[in-house]
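# Topology and contacts: notes
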Amino acid sequence: MVFGFFKKLIKYYIDKLVSWMRMQKFNLELDNDIKKYHEELDKKIEKPKIVETGKFGEDGWSISIGDIDDKDTKN
């Protein structure tokens, strides 16, 4: 009778350990997938070019962000 109790107790804790290890594996795989996704996203996105002409507050000062090719932005 005592042996059956210990057997069930050991089985219970082994099951808990296995389920915890599965969750840890899942979390690790999920973190790796998210990291890969962010790395691919960073490669695809081009950083905007920021061009500042003149000094702030002076006449003719302007700032351009990105590849803007409008007539209004050219000096």
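A short tour of the structure in this document, coming up. These numbers were taken from a predicted model, which means no experiment stands behind them.

A few words on the overall build of the protein chain. Assigned secondary structure in the protein chain consists of one helix and two strands. Each helix (α) and strand (β) of the protein chain, taken in turn from the N terminus, gives the series α-β-β. The proportion of buried residues among the 75 residues of the protein chain is 3%. Approximately 7,900 Å² of the protein chain is accessible, and the part contributed by carbon and sulfur atoms is 60%.

Inspection of every chain in the model, using the stated rule, returns one salt bridge. In this structure, Lys 11 engages Asp 15 in a salt bridge whose closest nitrogen and oxygen atoms are separated by 3.6 Å. One end of the pair is Lys 11 and the other is Asp 15, both in helix α1 (residues 2-44) and four residues apart, which spans about a single turn. Looking at Lys 11, the relative accessible area reads 52%, which means it is exposed.

Residues Val 2, Phe 5, Phe 6, Leu 9, Ile 10, Tyr 12, Tyr 13, Ile 14 and Val 18 make up a contiguous nonpolar surface patch of about 900 Å² in total accessible area. Here Leu 9 lies in helix α1. You can call Leu 9 partly exposed: its relative accessible area is 33%.

Summed over all chains, the structure comprises two aromatic pairs. Aromatic side chains Tyr 12 and Tyr 13 sit 5.2 Å apart centroid to centroid with 75 degrees between the ring planes, which places their arrangement in the edge-to-face category. Judged by relative accessible area, which is 44%, Tyr 12 ranks as partly exposed. Take Tyr 13: its relative accessible area is 53%, and that puts it in the exposed class.

Calculation criteria
- Residues numbered from 1 in each chain as written.
- Predicted model: local features only at pLDDT ≥ 70, side-chain atom pairs only at ≥ 80, totals over all residues.
- Heavy atoms only, no water.
- Helix = DSSP H or I, 4+ residues; strand = E, 2+ residues; numbered from the N terminus.
- Buried < 20%, exposed > 50% of the residue type's maximum accessible area, 1.4 Å probe, protein only.
- Areas by Shrake-Rupley, 256 points an atom, 1.4 Å probe, with all protein chains shown as cover.
- Salt bridge = Lys/Arg side-chain N within 4 Å of Asp/Glu carboxyl O.
- Patch = residues over 30% accessible without salt bridge, like charges linked within 9 Å, V, L, I, M, F, W, Y side chains within 5 Å.
- Phe/Tyr/Trp six-rings, centres within 6.5 Å; stacked < 30°, edge-to-face > 60°.

From the geometry alone we can't say anything about function, so treat these as descriptive.
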